[in-house]
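A closer look at the structure
The lines below spell out each chain.
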Amino acid sequence: MVKIENIKKRFSGRDVLDGADMLVRKGEAVALIGPSGSGKTTLIRAINGFVVPDSGKVIVGDKEINYKNKESLRQTRKKIGMIYQLFNLVERASALENVMAGALGRLDNGVNLISSTIGLFHKKERDNAMELLKFVGIEDKAFERVDRLSGGQKQRVAVARALMQDPELLLADEPIANLDPKTSRKILDLLLRINMEKGITMICVLHHLDTVTDNFNRVVALKNGSICFDGETHNLTHNHIHDIYEFEEENVEETRCLAA
Ligand SMILES: Nc1ncnc2c1ncn2[C@@H]1O[C@H](COP(=O)(O)OP(=O)(O)OP(=O)(O)O)[C@@H](O)[C@H]1O
Ligand SMILES: [Mg+2]
């Protein structure tokens, strides 16, 4: 469960999050949409504790995040698997090493450098990582360096790394934005399958509206840091979409000029 209550964040004198509220139940999959700059990534980062809100509450599982307490942040991050647009892997390490790194948050020895910990991993962790690479469909690339993999293969490694944490929650920030349509489809199917089969709650930032309406039951839309739609995708009308993505006046002018 993720509960966000009246969360506010100002950056450079601008309200980037302006009183957003949201409740995501255990096992739910939610698409988060909104124009560029509307605060989607900031909201995701507030949930994983990398952005400290000016006010408001974030509850993950049954615990409110205490942003001032490092241990509280660590406990929260342990529960959350992250998937990014640009994969955020260690390019020079192998797929298997990257996946095993996902276990670091679960280990209590406080060590967090791959190079110094790789020898400390138990066989169990290694077997688990291999299983996950199999689950995401690239066990044959386990020993390949990540910089030799395609975008789709990298994202599969990132998904396996997130699963290695045994997360309660998956936060995916534009996980398919850098992939071709066919690969995007496969990665999205993988994420949806994880949500369905493993019951892992998922919040997924997406830009392509058809992808959202075709695959998600619930959509939350941010605009200027506030939630302007939260409901079933089939209730998202053209009016809502126009309202969410409306052009700024100068853009309307620009569009008119281009059309002329
Ligand atoms: N660390 C920061 N310092 C200053 N401003 C920031 C910071 N992080 C985000 N912002 C600003 O907050 C606003 C919202 O950014 P955010 O990245 O959350 O938008 P977004 O909805 O994810 O956009 P996009 O769809 O382009 O990824 C932007 O104007 C951005 O410049
Ligand atoms: Mg973003």
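Use the structure listed above.
The following refers to the structure shown. For clarity, every value in this text was computed on a predicted model and none was experimentally measured.

1. Observations regarding the packing of helix α5 (residues 123–135) against helix α6 (residues 151–164)
Remark: α5 packs on α6, axes separated minimally by 9 Å, with the N-to-C direction vectors making an angle of 135 degrees. One finds that α5 runs oblique with respect to α6. Like other packed secondary-structure pairs, α5 and α6 cross with a definite hand, here right-handed. Where α5 approaches α6, its residues Glu125, Asn128, Ala129, Leu132, Leu133 and Phe135 are matched on the opposing element by Ala160, Leu163 and Met164. Class assignment of the residues belonging to the contact of α5 with α6 gives a composition of seven nonpolar, one polar and one charged.

2. With respect to the sheet that holds strand β6 (residues 80–84)
One open sheet accounts for six strands, arranged β6-β7-β8-β3-β9-β10; its pairing is mixed. Only two strands of the sheet have a single partner each, and these edge strands are β6 and β10 (226–232). Across the sheet, the mean angle separating the axes of adjacent strands is 15 degrees when strand polarity is ignored.

3. Observations concerning the environment of Lys70
As for its placement among the helices and strands, Lys70 is situated in helix α2 (residues 70–78). Through-space distance from the C-alpha of Lys70 to that of Gly49 is 9.8 Å; in sequence the pair is 21 residues apart.

Parameters at a glance
- Residues numbered from 1 in each chain as written.
- Chains lettered and ligands numbered in written order.
- Predicted model: local features only at pLDDT ≥ 70, side-chain atom pairs only at ≥ 80, totals over all residues.
- Heavy atoms only, no water.
- Axes fitted to C-alpha atoms, helices over the stretch in contact; angles between N-to-C directions.
- Helix = DSSP H or I, 4+ residues; strand = E, 2+ residues; numbered from the N terminus.
- Parallel < 35°, antiparallel > 145°, perpendicular 65-115°, else oblique.
- Left-handed = near helix turned anticlockwise from the far one by under 90°.
- Contact = heavy atoms within 4.5 Å.
- Nonpolar A, V, L, I, M, F, W, Y, C, P; charged D, E, K, R; others polar.
- Pairing = 2+ DSSP bridges.

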